[in-house]
Amino acid sequence: MKKTLSRRAKAISAVAAISLVTILATTALALSNISLTLGSTEYDFGNGTPISATVQIHEFNMKPGDTIPWHFHKASSYVILKRGTLTETHYDPQTGQCHSEEVTAGNAFVEPPGLVHTVTNTGNGDAVISWSTVFPKDDGIVEFTPSFKVGGVYLVQPPNCN
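Residues numbered from 1 in each chain as written. Predicted model: local features only at pLDDT ≥ 70, side-chain atom pairs only at ≥ 80, totals over all residues. Heavy atoms only, no water.

A. Molecular detail of the environment of M62. Residue position: M62 is located in strand β2 (residues 51-62). Contact partners of M62, with chain neighbours within four places excluded, come to L31, T67, I68, L86, V119, T120, N121, G125, D126, A127 and I129. (Helix = DSSP H or I, 4+ residues; strand = E, 2+ residues; numbered from the N terminus. Contact = heavy atoms within 4.5 Å.)

Okay, structure coming up:
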């Protein structure tokens, strides 16, 4: 019985990993950087000890229907929608519910550290997003595709929203 559970757990983990890679690969291909500006600083991520960190100011483009997979940030993120319409969906672990908010051009929102969320371009045209966050320097920049590089984005499995 123990081996069966172990194999089952491994199979579930493998399927989950493949699913996440598939979602990311099909989603990130349409995203493209407009600009990515980085700077170095020291930052306390909540444990009382500042560490080397990177401040990121990022502007990118999303085509209609593009979705950024479920993820979180280790520090607050400040987002301005310069053009288009987005739907930001976040997960509330206390209630098991997902809540969505529509954001239109010229508006902004703040994502607190650890908030699991996804963002979709629900408009008819391209969306242009400017955002900033800080993340541990050792986490580095991730190249999803040659045209889309970003730091401070930590992918998670989609939550089971009630």
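Resuming the write-up.
B. Summary view of the packing of aromatic side chains. On inspection of all chains with the given rule, the structure shows three aromatic pairs. Taking the centre distance of 5.5 Å and the plane angle of 70° together, the rings of F60 and F148 count as edge-to-face. Taken together, the positions of F60 in strand β2 and F148 in strand β11 (residues 148-151) put the pair 88 residues apart, joining distant regions of the chain. For F60, a relative accessible area of 4% gives the class buried. (Phe/Tyr/Trp six-rings, centres within 6.5 Å; stacked < 30°, edge-to-face > 60°. Buried < 20%, exposed > 50% of the residue type's maximum accessible area, 1.4 Å probe, protein only.)

C. Broad picture of the environment of P93. Following the sequence through the fold, P93 ends up in the loop between β5 (85-92) and β6 (97-104). Residue classification places P93 among the exposed positions, given a relative accessible area of 63%. With 66 residues separating them along the chain, P93 and P159 place their C-alpha atoms 9.0 Å apart.

D. Structural context of the side chain of S77. Mapping S77 onto the fold places it in strand β4 (residues 77-83). Apart from residues no more than four positions distant in its own chain, S77 is found in contact with F109, V110, E111, W131, S132 and T133.

E. Inspection of the state of the cysteines at higher detail. Scanning the model with the defined rule gives one disulfide in all. Paired through a disulfide, C98 and C161 show a sulfur-sulfur distance of 1.6 Å. One end of the pair, C98, is in strand β6; the other, C161, is in the segment after β12 (154-155), and 63 residues separate them in sequence. Using a relative accessible area of 31% as the deciding quantity, one classes C161 as partly exposed. (Disulfide = S-S within 2.5 Å.)

F. Just the sheet that holds β5, in detail. Sheet architecture is open: five strands sit in the order β6-β5-β8-β3-β12, paired in antiparallel fashion. Each end of this open sheet is capped by a strand with a single partner; those strands are β6 and β12. With five bridges connecting them, β5 and strand β8 (residues 117-121) associate as antiparallel partners. Across the sheet, T87 pairs through a bridge with T120, a residue of β8. (Pairing = 2+ DSSP bridges.)

G. Focus on the sheet that holds β2. Taken in spatial order, the five strands of this open sheet run β1-β2-β9-β4-β7, and their pairing is antiparallel. The open sheet has two edge strands, β1 (32-43) and β7 (108-111), and neither has a second partner. Along the sheet, successive strands turn relative to each other by an average axial angle of 15°, direction set aside. (Axes fitted to C-alpha atoms, helices over the stretch in contact; angles between N-to-C directions.)

As far as function goes, none of this settles anything; it's purely spatial.
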